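Below, each chain spelled out in residue letters.
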Amino acid sequence: MASLALTTAPCSSPLISLRSRLPPPKSSVIRDGNRCAYRPIITPLTISDRSGLGNLRPLISSNSLFKVAKSGSIFTVKASAPGSATSPVVPATQKPWQGAAIKPLLASIATGIILWFVPVPSGVTQNAWQLLSIFLATIVGIITQPLPLGAVALLGLGACVLTKTLTFAAAFSGFGDPIPWLIALAFFFARGFIKTGLGNRIAYQFVSLFGSSSLGLGYSLVFSEALLAPAIPSVSARAGGIFLPLVKSLCVACGSNVGDGTEHKLGSWLMLTCFQTSVISSAMFLTAMAANPLSATLTFNTIQKTIGWTDWAKAAIVPGLVSLIVVPFLLYLIYPPTVKSSPDAPKLAKEKLEKMGPMSTNEIVMSGTLLLTVGLWIFGGMLNVDAVTAAIVGLSILLVSGVVTWKECLGESVAWDTLTWFAALIAMAGYLNKYGLIAWFSQTVVKFVGGLGLSWQLSFGILVLLYFYSHYFFASGAAHIGAMFTAFLSVASALGTPPYFGAMVLAFLSNLMGGLTHYGIGSAPVFYGANYVPLGKWWGYGFLISVVNIIIWLGIGGVWWKFIGLW
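One structure accompanies this document, and this report is about it. Note that the coordinates shown come from a computational prediction; the quantities given were computed from them, not determined experimentally.

### Here we look at helix H16 (residues 413-434)
Its 22 residues place the ends of H16 32 Å apart at the C-alpha level, agreeing with the 32 Å of an ideal helix rising 1.5 Å per residue. Positive backbone phi, approximately 90°, marks Gly436, located one or two places after H16.

In structure tokens, the structure reads:
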């Protein structure tokens with residue numbers, strides 16, 4: 001049993017003794033009139049005494065793991081368990097398991113093994129089926145998270161290489177795709193926003209104007225992003241590079257932080273709302289998402305009809321605006337922020353802005369860099385500068401000027417983790433298409449639906465649902481469009497669906513389906529990586545909002561399209 005002896009002595013005494021079987025702890029001197037006592041610093045502590053040393057009472061608490069006995073002028077402090085007179089010596093705490101969570105890991109491995117040994121369907125190659133089993137096992141691992149997402153993805157790539165399903169170059173080909181790097185660069189831009197204080201400055205401006213309610217704040221962000229959508233053709237750049245840093249700053253400014261239990265104050269709802277509405281705004285304009293022109297090109301190649309910018313915007317404006325209004329409010333009801341009203345927030349935000357004073361040099365550099373980068377995103381097509389190159393130019397300026405350091409970029413662990421798992425999924429999904437699995441799936445669906453003998457409306461409805469929810473197997477809207485758009489449009493037209501109408505609907509849904517997962521569209525990994533929304537809720541609410549969007553776009557949208565003569 002450990003014990004400490006506490007001796008009281010006159011303060012003038014040069015010696016204060018401590019008898020202990022333990023190494024000497026930190027200590028302090030307690031004064032009481034002309035006496036003083038040496039005591040180990042163990043807080044919170046209180047004791048009772050009969051010698052009038054009142055100042056000793058705070059030393060040991062009545063509910064602590066210590067008991068005090070007095071013998072003469074000696075106080076003995078003994079460690080004990082609550083509710084017992086004595087306590088055995090407790091061995092050193094065993095380190096917790098640092099490896100994978102076993103049950104989720106086994107579930108992931110079992111998924112891959114079971115599918116691996118399922119007989120390969122006719123028309124599918126052995127390599128394609130093996131890759132599908134590894135891909136689905138990786139997806140299960142990403143959902144259950146036996147390890148961090150990047151580690152799960154690397155295990156999946158390792159399995160591909162080990163089984164000779166993919167070569168090393170093929171397995172890691174996703175790291176040469178520009179989209180994962182654009183997402184990582186968005187995180188580095190966010191670091192600049194936060195570090196310079198520019199994010200807080202802009203956030204306080206928003207709060208001062210709209211911060212009296214969380215809902216008003218959310219809508220101000222949603223429609224600001226929608227206004228920029230036609231000018232910035234990359235949802236990754238728009239939502240991730242511009243709005244994510246702003247949303248992060250707003251959350252912090254409102255006291256909603258990751259990891260301290262305040263996520264639900266504002267951050268969880270705001271992150272999910274801004275992400276889900278980013279896929280809606282991408283569906284509203286031909287130039288709002290990089291893959292939209294691909295849909296238009298494939299439409300022309302398949303049915304020889306041209307989808308113009310005005311045609312697209314006119315058809316999408318009504319269902320798009322309805323979705324932008326309904327989705328934030330629905331999430332506000334089912335996944336609400338705990339802080340809904342803050343009437344003093346605008347006043348406090350203005351006070352914060354006054355205290356911040358004029359913009360610092362770093363804020364000015366950050367602002368100028370952002371304007372340059374956004375300008376390149378808007379006019380990059382004319383200047384032959386793609387979105388990721390524009391982002392690299394912007395980051396280079398921040399690094400050279402010292403606004404952001406490379407050490408800080410290396411410290412953005414979420415950025416590198418996101419880059420790893422997203423690139424891995426892009427590689428596997430891409431080779432599923434190259435190995436012909438997606439083409440086989442499309443043809444199978446087409447034959448099945450065509451053989452049902454249904455009206456074109458019902459047939460098209462089935463095709464729409466299959467096209468939409470097959471996006472769980474894709475980590476890129478462009479890859480999904482390239483693999484399945486032409487086949488589904490051809491079958492829909494053959495079954496009696498008005499070709500132009502079918503093309504427009506599939507083009508709109510090619511954006512909306514990006515909200516299903518945390519990897520389905522370029523803005524998803526960035527917002528999910530902010531860590532305000534758990535993965536299970538992200539997928540659950542993603543599915544729910546997908547149902548709402550389908551009802552709005554096919555219901556209200558269908559009436560609108562009939563009115564404008566689309567079908």
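### Overview of the packing of aromatic side chains
For the structure on display, the rule yields 27 aromatic pairs. When the centroid spacing of 5.6 Å and the interplanar angle of 45° are considered together, the rings of Tyr469 and Phe543 count as tilted. Placement of the pair is Tyr469 in helix H18 (residues 456-469) and Phe543 in helix H22 (residues 535-563), with a sequence separation of 74 residues. We classify Phe543 as partly exposed; its relative accessible area is 42%. Within the aromatic cluster, the residues linked to one another by ring pairs are Trp312, Trp456, Phe460, Phe501, Phe508, Trp553, Trp561 and Trp567. The ring of Tyr431 has Lys434 lying over it, and the distance from NZ or CZ to the ring centre is 4.6 Å. In this structure, Lys562 is placed above the aromatic ring of Trp567, and the distance from its NZ or CZ to the ring centre is 4.5 Å.

### Quick notes on the pattern of salt bridges
A complete count under the given rule lists 4 salt bridges for this structure. Lys195 is paired through a salt bridge with Glu408; the nearest N and O atoms lie 3.1 Å apart. Of the two residues, Lys195 is situated in helix H5 (residues 178-196) and Glu408 in helix H15 (residues 406-410); the sequence distance between them amounts to 213 residues. Here Arg201 and Glu363 are joined by a salt bridge, their closest N and O atoms 2.7 Å apart.

### Some points on unusual backbone geometry
Positive phi is not limited to glycine here, since Asn384 has a value of about 60°. With respect to the element layout, Asn384 can be found in the loop between helix H13 (361-383) and helix H14 (387-401). If you check the backbone angles, Asn531 has positive phi at about 70° while not being a glycine. Structurally, Asn531 is set in the loop between helix H21 (523-528) and H22.

### Details of the nonpolar core
Counting residues in hydrophobic clusters, the biggest one holds 158 residues, and the most contacted among them are Leu221, Leu250, Leu270, Leu425, Phe485 and Trp553. With 11 residues, the single largest contributor to this core is H16. Taken domain by domain, this core gets at least three of its residues from each of domain 1 (102-176) and domain 2 (197-357 + 436-564). Look past the residues within four positions of Phe485 in its chain and what remains in contact with it is Ser295, Leu298, Thr299, Tyr467, His480, Ala503, Leu506, Ala507 and Ser510.

### Overview of the packing of helix H7 (residues 214-228) against helix H9 (residues 267-284)
It is at 10 Å that the axes of H7 and H9 come closest, and there the two elements cross at 30°. Taken together, the axes of H7 and H9 are roughly parallel relative to one another. For the pair H7 and H9, the sense of crossing is right-handed. Where H7 approaches H9, its residues Ser214, Leu215, Gly218, Leu221, Val222, Glu225 and Ala226 are matched on the opposing element by Trp269, Leu270, Thr273, Cys274, Thr277, Ser278 and Ser281. Its residues placed into classes, the contact of H7 with H9 shows 7 nonpolar, 6 polar and 1 charged.

### Things to note about the environment of His471
Note on placement: His471 falls in the loop between H18 and helix H19 (477-494). His471 sits in the buried class, given a relative accessible area of 1%. If sequence neighbours within four positions are ignored, His471 has contacts with Ser476, Gly477, His480, Met513, Gly514, Leu516 and Gly520. A distance of 2.8 Å separates polar atoms of two side chains, one belonging to His471 and the other to His480.

### A closer look at the side chain of Ser282
The residue Ser282 is located in helix H9 in this model. Sequence-distant contacts of Ser282, that is, excluding residues within four places in its chain, are made with Val235, Arg238, Ala288, Met289, Asn292 and Asn511.

### A look at a nonpolar patch on the surface
Taken together, the side chains of Phe329, Leu333, Ile334 and Leu544 make up a nonpolar region of the molecular surface, amounting to roughly 340 Å² of accessible area. Looking at the nonpolar patch, the element that brings in the most residues is helix H11 (residues 309-334), giving 3 residues.

### A short note on the environment of Ser173
Looking at where Ser173 falls in the secondary structure, it is placed in the loop between helix H4 (168-171) and H5. Expressed as a C-alpha distance, the spacing of Ser173 and Ala427, which sit 254 residues apart in the sequence, is 5.8 Å. Within the structure, the side chain of Ser173 is placed 2.7 Å from the backbone oxygen of Ala170, a separation counted as a polar contact.

### As for the packing of H11 against helix H20 (residues 499-512)
Taken N-terminus to C-terminus, the directions of H11 and H20 make an angle of 75°; their axes are 11 Å apart at the nearest point. Judged by the inter-axis angle, H11 sits roughly perpendicular to H20. Note on element contacts: H20 touches H11 through Tyr500, Met504, Ala507, Phe508 and Asn511, opposite Asp311, Trp312, Ala315 and Ala316. Its residues placed into classes, the contact of H11 with H20 shows 7 nonpolar, 1 polar and 1 charged.

### Digging into the state of the cysteines
Taken as a whole, this structure holds 0 disulfides when the rule is applied. Cys251 provides the cysteine sulfur closest to Cys274, a residue in no disulfide bond, and the two sulfurs are 8.2 Å apart. With a relative accessible area of 6%, Cys274 lands in the buried category.

The rules we used
- Residues numbered from 1 in each chain as written.
- Predicted model: local features only at pLDDT ≥ 70, side-chain atom pairs only at ≥ 80, totals over all residues.
- Heavy atoms only, no water.
- Helix = DSSP H or I, 4+ residues; strand = E, 2+ residues; numbered from the N terminus.
- Expected span 1.5 Å × (residues − 1).
- Phe/Tyr/Trp six-rings, centres within 6.5 Å; stacked < 30°, edge-to-face > 60°.
- Buried < 20%, exposed > 50% of the residue type's maximum accessible area, 1.4 Å probe, protein only.
- Lys NZ or Arg CZ within 6 Å of the ring centre and 35° of its normal.
- Salt bridge = Lys/Arg side-chain N within 4 Å of Asp/Glu carboxyl O.
- Core = buried A, V, L, I, M, F, W, Y, C linked by side-chain atoms within 4.5 Å.
- Domains from an automatic or database assignment.
- Contact = heavy atoms within 4.5 Å.
- Axes fitted to C-alpha atoms, helices over the stretch in contact; angles between N-to-C directions.
- Parallel < 35°, antiparallel > 145°, perpendicular 65-115°, else oblique.
- Left-handed = near helix turned anticlockwise from the far one by under 90°.
- Nonpolar A, V, L, I, M, F, W, Y, C, P; charged D, E, K, R; others polar.
- Polar contact = N/O pair within 3.5 Å; in protein donor to acceptor, adjacent residues only side chain to side chain.
- Patch = residues over 30% accessible without salt bridge, like charges linked within 9 Å, V, L, I, M, F, W, Y side chains within 5 Å.
- Areas by Shrake-Rupley, 256 points an atom, 1.4 Å probe, with all protein chains shown as cover.
- Disulfide = S-S within 2.5 Å.

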